[in-house]
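# Working through the structure, step by step
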Amino acid sequence: MARIIHNLSDKIISVTQSQLRTRGYMGTTIRSVAQECGIAVGTVYNYFPDKDALINAAMMGDWLLVLATIKLECSQSTSISEGIRQIQKNLHGFYTGRPWMAEYTNSEDRPSGDYDMFKRRTMLHNVLDSIVADLLVRHGMEKDVHLAVMYTEMILTSISNPSISFSMINEVIDRLYE
């Protein structure tokens with residue numbers, strides 16, 4: 001008789017998060033997650049169609065928390081510069097707190113490859129564009145979608161390129177307002 005495991009999806013996600021922290025992206029496999037959960041590999045596939053979907057589910061809760069924090073801190077910011085800094089700080093914390101993400105981002109192990117990463121970056125850009133546009137309006141500027149897109153691109157580039165500091169971004173912001 002098949003045993004019923006309550007909240008199995010949550011357990012699979014929790015084990016995946018733990019393995020990502022200890023083994024990294026490449027060391028975390030559907031098989032290793034299933035083994036640690038004490039279930040068959042096929043059972044994991046009943047919940048997640050592939051490793052990419054499993055990794056996404058493992059990141060989702062943390063990502064939603066970071067996004068909520070960004071929105072809250074931007075709504076409480078006293079300047080555009082401070083709001084931009086909060087976005088950058090929170091994104092930087094999210095990525096540096098997950099060193100395995102570099103493996104994930106650069107892995108050819110993902111079935112959908114670069115196109116999927118492009119889609120994810122576009123979705124991230126759209127979410128951040130909206131937050132930045134609201135930040136600009138909150139601080140007395142007209143809603144400027146193009147400026148919001150450019151700020152977002154600077155922020156995202158600074159996350160993956162440590163040579164672009166917040167002070168450089170802040171200098172660009174200051175120059176735009178001179």
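Counting restarts for each chain: residues are numbered from 1 in the order of the written sequence. For this predicted model, a pLDDT threshold of at least 70 governs which residues receive local features, and a threshold of 80 or more governs which side-chain atom pairs are given and counted, while totals over whole chains, interfaces and linings are taken from all residues. For the side-chain quantities, the full set of heavy atoms in the structure was used; hydrogens and water were omitted.

### Thoughts on the overall build of the chain
- A run of DSSP states H or I qualifies as a helix once it reaches four residues; a run of E qualifies as a strand once it reaches two. Both are numbered from the N-terminal end. Each helix and strand counted, the chain has nine helices and zero strands in total.
- Ordered by position from N to C terminus, the α and β elements of the chain give α-α-α-α-α-α-α-α-α.
- Using a 1.4 Å probe on the protein chains alone, a residue whose accessible area is under 20% of its type maximum counts as buried, one over 50% counts as exposed, and one in between counts as partly exposed. Each of the 178 residues in the chain was classed as buried or not, and the buried ones make up 40%.
- By definition in these notes, contact holds between two residues if any of their heavy atoms fall within 4.5 Å. Within the chain, counting contacts between residues at least 6 apart in sequence, those at least 24 apart form 65% of the total.
- In these tables, accessible area is a Shrake-Rupley quantity obtained with a 1.4 Å probe, and a residue counts as shielded only by the protein chains included in the view. When the accessible surface of the chain is split by element, carbon and sulfur atoms take 56% of a total near 10200 Å².

### Some details on the packing of aromatic side chains
- Put simply, two rings from Phe, Tyr or Trp (the six-membered ring, in Trp's case) pair if the centres are within 6.5 Å, and we call them stacked under 30 degrees between planes, edge-to-face over 60, tilted for the rest. In the structure shown here, the tally under the stated rule is two aromatic pairs.
- Relative to Phe 94, the ring of Trp 63 lies with its centre 5.3 Å away and its plane at 70 degrees, an arrangement referred to as edge-to-face. Here Trp 63, found in helix α4 (residues 51-76), pairs with Phe 94, found in helix α5 (residues 80-96); they are 31 residues apart in sequence, far enough to count as distant. The exposure classification of Trp 63 matches that of Phe 94, with both residues buried.
- Ring geometry for Phe 94 versus Tyr 95: centroids 5.3 Å apart, planes at 90 degrees, classification edge-to-face.
- Through successive ring pairs, a cluster of aromatic residues spans Trp 63, Phe 94 and Tyr 95.

### Regarding the confidence of the model for the chain
- pLDDT measures the predictor's confidence residue by residue and takes values from 0 up to 100. This prediction gives the chain a mean pLDDT of 86; 89% of its residues lie at or above 70.
- Looking across the chain, the model is least confident in helix α6 (residues 100-106), with a mean pLDDT of 72, and most confident in helix α2 (residues 30-37), with 97.

### So, the environment of Lys 11
- Note on placement: Lys 11 falls in helix α1 (residues 8-27).
- On the basis of relative accessibility, which here comes to 36%, the residue Lys 11 falls in the partly exposed class.
- In the structure, Lys 11 is positioned 22 residues away from Val 33 in sequence and 9.6 Å away in space, judged by C-alpha atoms.

### A look at the environment of Arg 21
- For Arg 21, the position within the fold is in helix α1.
- Residues Arg 21 and Pro 99 lie 78 residues apart in sequence; the distance between their C-alpha atoms is 8.0 Å.

### Structural notes on the environment of Arg 121
- As for its placement among the helices and strands, Arg 121 is situated in helix α7 (residues 113-138).
- Accessibility expressed as a relative area gives 35% for Arg 121, which makes it partly exposed.
- Taking C-alpha positions, Arg 121 is 9.2 Å from Leu 156, a pair spaced 35 residues apart along the chain.
- Residues contacting Arg 121, with those up to four places away along its chain left out, are Glu 153, Leu 156 and Thr 157.

### Observations concerning the packing of α1 against α4
- Running from amino to carboxyl end, α1 crosses α4 at an angle of 105 degrees, the nearest separation of the two axes being 9 Å. Judged on the interaxial angle alone, α4 and α1 are roughly perpendicular. Here α1 contributes Ile 12, Ile 13, Thr 16, Gln 17, Leu 20, Tyr 25 and Met 26 to the contact with α4, which in turn contributes Lys 51, Leu 54, Ile 55, Ala 57 and Ala 58.
- Polar here means any residue other than Ala, Val, Leu, Ile, Met, Phe, Trp, Tyr, Cys and Pro, which are nonpolar, and Asp, Glu, Lys and Arg, which are charged; Gly is therefore polar. Grouping the constituent residues of the contact of α1 with α4 by class yields nine nonpolar, two polar and one charged. Here, axes are lines fitted to C-alpha atoms. For helices the fit covers the stretch in contact, and angles between N-to-C directions go from 0 to 180 degrees. For classification, angles of less than 35 degrees are called roughly parallel, those exceeding 145 degrees roughly antiparallel, those between 65 and 115 degrees roughly perpendicular, and all remaining angles oblique.

### So, α1
- Any helix carries an expected span of 1.5 Å times its number of residues minus one. Here α1 contains 20 residues, and its C-alpha end-to-end distance of 21 Å is more than 12% below the 28 Å for a straight helix at 1.5 Å per residue.
- Of all the residues in α1, the buried ones are Leu 8, Ile 12, Ile 13, Val 15, Thr 16, Gln 19, Leu 20, Gly 24 and Tyr 25.

### Focus: the nonpolar core
- Think of a nonpolar core as a cluster: buried Ala, Val, Leu, Ile, Met, Phe, Trp, Tyr and Cys residues, connected wherever their side-chain atoms sit within 4.5 Å. If you look at the biggest cluster of nonpolar residues, it comprises 46 residues, and the most contacted ones within it are Ile 12, Ile 84, Ile 87 and Leu 91.
- Those elements that place two or more of their residues in this core are α1, α2, α4, α5, α6, α7, α8 (145-160) and α9 (166-176).
- Apart from residues no more than four positions distant in its own chain, Leu 91 is found in contact with Trp 63, Ile 70, Leu 128, Ile 155, Leu 156 and Ile 159.

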